[in-house]
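Fold and geometry: a report
In case you want the letters, here they are:
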Amino acid sequence: MTSAVPPMREPKEEINGETADEKRGVYVTWKELSVTVSNGSKSILQGLAGYAQPSQVLAILGPSASAKSNLLDALADVYVTQDDTLTWTNYQRSCVLLSTAPAPQVHASTTIMEMGLQDSMDSRIGGWGSKGLSGGQKRRVGICIEIFTRPTHLFLDEPTSGLDSAASYFVMKKIANLAQQNRMTVIASIHQPSSEVFELVPNLCLLSSGRTVYFGPSHHANEFFALNGFPFPALQNPSDHYLRTINTDFDEDIEQGINGKIKTEEVIDMLAKAYELSDIHY
């Protein structure tokens, strides 16, 4: 099925191996990206293609085991992971200062405040058997360390996990603002974003079972799903609708318009093929 959904702005044409906007930002692109287990018996990523552009956040969404983290692994060797990798005996302020030296201390303090961590500046990181920061606070310290230097591109693996809805919104809003202000290219996998967080991300990569179900502007995903028989219910979080439609964990039949029900695996196959045939396929 061909969709009328308009595409995201394509990456600039390359000149001598560099994009026309090389000095003002970095484009991250991938094409025919596949990953299999070592013996080749199982495919984890199946021929993915996409891109992320300066000043914007690309959100990678998908149900559990959809290969979101595998895509980040394939795109970047180092990024802010879901796991806590901070030294538990250090203090929060020390972690950020040590990672950002010899930059001015005031910049580190400002970054800590931007992530809402000013009240725990002098708390230990903590860990197993030692009281310290909460899991959500540790996650924000990790993000602080990465964004302090204002990198050209940033990869985040579920930066809102462990945060309440308010903290998730403010963290993602800050990341989105930094992307715009510094022409930073941000790719982030996000676990079950609230409707408010979803509105902050302009571009969406929706995965299921290692396949691209949708890639394009976030605000046009509703149209894509509706055109293919899965209209967006009123007063519902858009991301909840997408994830429920392509979640294979519970093997429930999915309502498809007026045509009755269809197996989830068939839904995923249908949407993936519709995306491949659409005008927005990259």
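Residues numbered from 1 in each chain as written. Predicted model: local features only at pLDDT ≥ 70, side-chain atom pairs only at ≥ 80, totals over all residues. Heavy atoms only, no water.

In terms of regular secondary structure, the chain is built from nine helices and 11 strands. Counting all 282 residues of the chain, 48% fall into the buried class. Counted over contacts in the chain with a minimum sequence separation of 6, partners at least 24 positions apart contribute 66%. Counting every atom, the chain has about 14000 Å² of accessible surface; 49% of that belongs to carbon and sulfur. (Helix = DSSP H or I, 4+ residues; strand = E, 2+ residues; numbered from the N terminus. Buried < 20%, exposed > 50% of the residue type's maximum accessible area, 1.4 Å probe, protein only. Contact = heavy atoms within 4.5 Å. Areas by Shrake-Rupley, 256 points an atom, 1.4 Å probe, with all protein chains shown as cover.)

One open sheet holds the five strands; their spatial order is 6-7-5-8-9, and the pairing between them is mixed. In the strand order of this sheet, the two ends are held by strand 6 (153-157) and strand 9 (211-217), each with one partner. Put simply, the sheet's adjacent strands are angled 15° from each other on average, direction ignored. For strand 8 (residues 203-208) and strand 9, the ladder comprises six bridges, and the chain directions are antiparallel. Residue L207 lies in a different strand from strand 9, and its bridge partner there is T212. Running over the sheet, helix 9 (residues 264-277) touches strand 8 and strand 9 and is turned about 50° from strand 9. (Pairing = 2+ DSSP bridges. Axes fitted to C-alpha atoms, helices over the stretch in contact; angles between N-to-C directions.)

Burial in helix 1 (residues 68-75) covers these residues: K68, L71 and L72. Across the axial projection of helix 1, the buried residues extend over an arc of 100°, all falling on one side. Next to the buried residues of helix 1 lie strand 3 (28-36), strand 4 (43-52), strand 5 (57-61), strand 6, strand 7 (185-189) and strand 8. (Arc of directions from axis to C-beta.)

Within the structure shown, the criterion is met by seven aromatic pairs. On the numbers, 5.4 Å between centres and 70° between planes, the contact of Y169 with F170 is edge-to-face. Since its relative accessible area comes to 54%, F170 is described here as exposed. A ring pair is formed by F224 and F225, whose centres lie 5.9 Å apart and whose planes are at 80°; its orientation type is edge-to-face. Given the relative accessible area of 0%, F224 is considered buried. These aromatic residues form a ring-pair network of at least three members: F198, Y214, F224, F225 and Y242. (Phe/Tyr/Trp six-rings, centres within 6.5 Å; stacked < 30°, edge-to-face > 60°.)

Most of strand 7 sits inside the fold, with five of its five residues counted as buried. Judged by which residues are buried, strand 7 turns out to be covered on both faces: T185, I187 and S189 on one side and V186 and A188 on the other are all buried. Sheet topology note: the strand 5/strand 7 ladder contains four bridges and is parallel. Bridging across to strand 7, A59 finds its partner in A188. One ladder, built from five bridges, connects strand 6 with strand 7; its direction is parallel. What sits directly across from F155, in strand 7, is I187. Handedness of the strand 6-helix 5 (residues 165-182)-strand 7 crossover: right-handed. (Right-handed = clockwise from strand over helix to strand, strands pointing away.)

Grouped together as the largest cluster of nonpolar side chains are 66 residues, with contacts concentrated most on W30, L71, I187 and L206. Ranked by residue count, the leading element in this core is helix 5, at seven residues. Aside from chain neighbours lying at most four places away, what touches L71 is W30, L33, L45, L48, I60, C205 and L207. (Core = buried A, V, L, I, M, F, W, Y, C linked by side-chain atoms within 4.5 Å.)

Next up on the list: the pattern of salt bridges. Within the structure shown, the criterion is met by two salt bridges. For D269, the salt bridge identified is with R211, shortest N-O distance 3.1 Å. With D269 in helix 9 and R211 in strand 9, the pair connects residues that are 58 residues apart, well separated along the chain. Looking at D269, the relative accessible area reads 27%, which means it is partly exposed. The partner of K273 in a salt bridge is D269, with the nearest N and O atoms 3.1 Å apart. Of this pair, K273 and D269 both sit in helix 9, four residues apart, which is roughly one turn of that helix. Put simply, R211, D269 and K273 are held in one network by salt bridges that share partners. (Salt bridge = Lys/Arg side-chain N within 4 Å of Asp/Glu carboxyl O.)

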